[in-house]
Amino acid sequence: MHRGPYVYVTKGSRTYHYTDDDCPVTSSILKGKKPFQRITEEQAQQMGLKLCRHCAKEYREDQVERQANRFSVYLGAVIAVVMVIAFFLLTD
Ligand SMILES: [Zn+2]
């Protein structure tokens, strides 16, 4: 999932897409099968376009993954602190 400053819009479509080839539309855009316009997400929203549901789904999953990563970093830090405390308690 790559969410850059630009989104892709295909001709005549009411949706816009992130750069993610998990989305069938973005996949054809990236393969050069569909003519597209590259605009900013802000412009797309001003034009009344909606984020494509495939891209929205991937984006949500990505957010969840990122939170999970953050949690494991946090857990690692907690374990390190506990080990340091245990070390000082055990060495007398
Ligand atoms: Zn899409």
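This text goes with the structure placed above it.
Conventions we followed
- Residues numbered from 1 in each chain as written.
- Predicted model: local features only at pLDDT ≥ 70, side-chain atom pairs only at ≥ 80, totals over all residues.
- Helix = DSSP H or I, 4+ residues; strand = E, 2+ residues; numbered from the N terminus.
- Rg over C-alpha atoms; globule rule 2.2 N^0.38 Å.
- Contact = placed C-beta atoms within 7 Å.
- Buried ≥ 20, exposed ≤ 12 C-beta atoms within 10 Å, placed from the backbone.
- Expected span 1.5 Å × (residues − 1).
- Core = buried A, V, L, I, M, F, W, Y, C linked by C-beta atoms within 7 Å.

Is there a simple way to explain the overall build of the chain in this structure?
Of regular secondary structure, the chain possesses 3 helices and 4 strands. Mapped from its N terminus to its C terminus, the chain presents α and β elements in the order β-β-α-β-α-β-α. The C-alpha atoms of the chain give 21 Å as radius of gyration, which overshoots the globular expectation for 92 residues (12 Å, by more than 25%). Overall, the chain is about 75 × 25 × 20 Å in size when its C-alpha atoms are taken along their principal axes. Residue pairs in contact within the chain that sit at least 24 positions apart in sequence constitute 64% of those at least 6 positions apart.

Explain the environment of Glu42 to me, please; I cannot follow it from the model alone.
Secondary-structure assignment places Glu42 in helix 2 (residues 41-46). For Glu42, a count of 10 C-beta atoms within 10 Å puts it in the exposed group. A sequence separation of 33 residues divides Glu42 from Leu75, and the C-alpha atoms of the two residues are 36 Å apart.

Looking at this structure, how should I read helix 3 (residues 53-90)?
Note: α-helices contain 3.6 residues per turn, so residues at a spacing of three or four share the same orientation. When the terminal C-alpha atoms of helix 3 are compared, their 55 Å separation across 38 residues agrees well with the 56 Å that a helix rising 1.5 Å per residue should span. For helix 3, the buried fraction is low: 2 of the 38 residues fall into the buried class.

What am I meant to see in the environment of Ser72 here?
If you trace the backbone, Ser72 turns up in helix 3. The exposed category is assigned to Ser72, around which 9 C-beta atoms lie within 10 Å. Considered as a pair, Ser72 and His54 are 18 residues apart in the sequence and their alpha carbons are 27 Å apart.

Looking at this structure, I do not really get the nonpolar core. What am I missing?
The biggest cluster of nonpolar side chains holds 12 residues, and these are Val7, Tyr8, Val9, Tyr16, Tyr18, Cys23, Val25, Ile29, Phe36, Ala44, Cys52 and Cys55. Elements represented by at least two residues in this core include exactly strand 1 (6-10) and helix 1 (24-30). Take this core: its biggest share by element is 3 residues, from strand 1.

What is the right way to read the environment of Tyr16 from this model?
Within the element layout of this structure, Tyr16 appears in strand 2 (residues 15-16). Taking the C-alpha atoms as reference, Tyr16 lies 9.2 Å from Ile39; in sequence the two are 23 residues apart. With residues near it in sequence (within four places) discarded, Tyr16 still touches Val7, Tyr8, Val9, Ala44, Leu49, Leu51 and Cys52.

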